[in-house]
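Chain by chain, the residues:
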Amino acid sequence: MNLLFSGNDKVFDGILSCLLSILKRTDAKESFCVYVLTMDVSHIKPEYLPIGDDKIAYLENVVREYNLDNRIIKVDVTDIYNKEFSNCPNEQCYCSPYTLLRLFMDLIPDMPDKVLYLDVDIMFNRDISLLYNQDITDYEYAAARDHYGKYLLNPNYINAGVLLFNMVQCRKTGLFEKARQLIKTKKLMFADQSAIYRSTTRKKMLPQKFNDQKFLHKSTVVRHFSKRLFWLPYPHTDNIKQWHVGKMYSVFKYTEFDDVIYEYIYLKRRYENEKRIKSN
């Protein structure tokens, strides 16, 4: 199974916790090949640095404890970004320029024919095979609806945090090429998400359980901890992630991810201790 994440040096917590949820909820014996797209655009903001090789190595050690064939592959796309999107209208988009990196998938050599892109603020509640084994032979990708966008924009407006790509069809239709052209020429409200949606020829719509951005049900496969609206004690938005452990428990009161969170905390502390020992 081929997975794809993207981000700067601060995505470590999200990737670690997301991968643990996958490994702990999945019975399949297949190995995982995990691509991490990153880049150095610290000229935009000092914190926009690529994820460190030490963190990639640690993540690979963690996943190999579950299966020796599991791999983590870091792909630095700084040069591609500077060539394609430097100073483009969406460089200061609603999240960060790192959300645009998935649009380079067709430019990366040896990218597999089937790839599951995941935002890092995601936890799997059930076996990933339920999602990954979806038949997308005749589609560019499969995605679930955006929780708010399906009401405000279009009933089939997708959330780009979980995208199961058929790279054969994407190359054939030029999905990524068309999306990049939009990013270069038009200021879009939701940047990459809107560019993908507008450039789509044919997509497979998935039930909300494959990208649940607001609730956690027994049937939920993917719980996406995206920014959401809360009505109490007064109407407001909050952006609670799974690695905001205290707030996640106090607000959502989930117990379903206890085993994942406990191991995440242990492994994060182990990484910090090992780093401290090496620095001394």
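See the structure shown above.
Residues numbered from 1 in each chain as written. Predicted model: local features only at pLDDT ≥ 70, side-chain atom pairs only at ≥ 80, totals over all residues. Heavy atoms only, no water.

## Observations regarding the pattern of salt bridges
Reasoning step 1: Applying the stated rule across the entire model yields 15 salt bridges.
Reasoning step 2: Where Glu-263 meets Lys-24, a salt bridge forms, and the shortest distance between an N and an O atom there is 2.7 Å. Note that Glu-263 is positioned in helix 10 (residues 258-279) and Lys-24 in helix 1 (residues 12-25), a separation of 239 residues in sequence.
Reasoning step 3: The class for Glu-263 is buried, based on a relative accessible area of 18%. (Salt bridge = Lys/Arg side-chain N within 4 Å of Asp/Glu carboxyl O. Helix = DSSP H or I, 4+ residues; strand = E, 2+ residues; numbered from the N terminus. Buried < 20%, exposed > 50% of the residue type's maximum accessible area, 1.4 Å probe, protein only.)

## Re the sheet that holds strand 4 (residues 114-118)
Reasoning step 1: What the seven strands build is an open sheet, ordered 3-2-1-4-7-6-8; its pairing is mixed. Where the open sheet ends on each side, the last strands, each with one partner, are strand 3 (71-76) and strand 8 (203-206). Across the sheet, the mean angle separating the axes of adjacent strands is 25° when strand polarity is ignored.
Reasoning step 2: When strand 2 (residues 33-38) meets strand 3, the two strands line up parallel, connected through six bridges. Paired with Thr-38 across the strands is Asp-76, a residue of strand 3.
Reasoning step 3: Running over the sheet, helix 2 (residues 53-64) touches strand 2 and strand 3 and is turned about 160° from strand 3. (Pairing = 2+ DSSP bridges. Axes fitted to C-alpha atoms, helices over the stretch in contact; angles between N-to-C directions. Contact = heavy atoms within 4.5 Å.)

## A short note on the nonpolar core
Reasoning step 1: If you look at the biggest cluster of nonpolar residues, it comprises 54 residues, and the most contacted ones within it are Leu-19, Ile-22, Leu-116, Leu-118 and Phe-124.
Reasoning step 2: Counting residues in each nonpolar core, the second largest holds 40 residues, with Leu-4, Tyr-48, Ile-158 and Phe-165 among its members. (Core = buried A, V, L, I, M, F, W, Y, C linked by side-chain atoms within 4.5 Å.)

## A look at helix 2
Reasoning step 1: If you check helix 2, its first and last C-alpha atoms are 16 Å apart, about what 12 residues at 1.5 Å a residue would give, namely 16 Å.
Reasoning step 2: Listed as buried for helix 2 are Lys-55, Ile-56, Tyr-58, Leu-59, Val-62 and Val-63. Buried positions in helix 2, seen along its axis, are confined to an arc of 165° and lie on one side of it.
Reasoning step 3: Considering only its buried residues, helix 2 is in contact with helix 1, strand 2, strand 3 and helix 10. (Expected span 1.5 Å × (residues − 1). Arc of directions from axis to C-beta.)

## As for the state of the cysteines
Reasoning step 1: Here the structure, examined in full by the defined rule, presents zero disulfides.
Reasoning step 2: The closest cysteine sulfur to the non-disulfide-bonded Cys-33 is located on Cys-18, 15 Å from its own sulfur.
Reasoning step 3: Sulfur of Cys-170: no disulfide; nearest cysteine sulfur belongs to Cys-33 and is 18 Å away. (Disulfide = S-S within 2.5 Å.)

## Overview of helix 10
Reasoning step 1: End to end, helix 10 covers 32 Å across 22 residues, agreeing with the expected 32 Å (1.5 Å per residue, within 8%).
Reasoning step 2: Among the residues making up helix 10, those that are buried are Asp-258, Val-260, Ile-261, Glu-263, Tyr-264, Leu-267, Lys-268 and Tyr-271.
Reasoning step 3: Considering only its buried residues, helix 10 is in contact with helix 1, helix 2, strand 5 (122-124) and helix 9 (245-252).

## A closer look at the side chain of Ser-226
Reasoning step 1: In this fold, Ser-226 is placed in the loop between strand 9 (222-224) and strand 10 (228-230).
Reasoning step 2: The residues contacting Ser-226, other than those within four sequence positions of it, are Asp-121, Gln-213, Asp-238, Asn-239 and Lys-241.

## Here we look at the packing of helix 1 against helix 10
Reasoning step 1: Between helix 1 and helix 10, the least distance of the axes is 9 Å, while the angle of their chain directions is 135°. Accordingly, the angle class assigned to the pair helix 1 and helix 10 is oblique. The crossing of helix 1 and helix 10 is right-handed. On the side of helix 1, the interface is formed by Phe-12, Asp-13, Leu-16, Ser-17, Leu-20, Ser-21, Lys-24 and Arg-25, while helix 10 contributes Asp-259, Val-260, Glu-263, Tyr-264, Leu-267, Lys-268 and Tyr-271.
Reasoning step 2: In terms of residue class, the contact of helix 1 with helix 10 is built from seven nonpolar, two polar and six charged. (Parallel < 35°, antiparallel > 145°, perpendicular 65-115°, else oblique. Left-handed = near helix turned anticlockwise from the far one by under 90°. Nonpolar A, V, L, I, M, F, W, Y, C, P; charged D, E, K, R; others polar.)

## Observations concerning the packing of helix 2 against helix 10
For any two helices packed against each other, the geometry comes down to the angle between their axes and how far apart the axes lie.
Reasoning step 1: Running from N to C, helix 2 and helix 10 cross one another at 135°; their axes reach a closest spacing of 12 Å. Regarding the angle of helix 2 to helix 10, the classification is oblique. In the crossing of helix 2 with helix 10, the sense of the turn from one axis to the other is right-handed. Residues Asp-54, Lys-55, Tyr-58 and Val-62 of helix 2 lie in contact with helix 10, whose contacting residues are Leu-267, Arg-270, Tyr-271, Glu-274 and Lys-275.

## Focus: unusual backbone geometry
Reasoning step 1: Unlike most non-glycine residues, Ala-191 shows phi in positive territory, near 45°.
Reasoning step 2: The residue Lys-253 is not glycine, and still its phi comes out positive at about 55°.
Reasoning step 3: With respect to the secondary-structure elements, Lys-253 resides in the loop between helix 9 and helix 10.
Reasoning step 4: Using a relative accessible area of 62% as the deciding quantity, one classes Lys-253 as exposed.

## Thoughts on the side chain of Asn-211
Reasoning step 1: Looking at the element boundaries, Asn-211 is found in the loop between strand 8 and strand 9.
Reasoning step 2: Using a relative accessible area of 0% as the deciding quantity, one classes Asn-211 as buried.
Reasoning step 3: Polar side-chain contacts of Asn-211 include one of 2.9 Å to the side chain of Asn-159. (Polar contact = N/O pair within 3.5 Å; in protein donor to acceptor, adjacent residues only side chain to side chain.)

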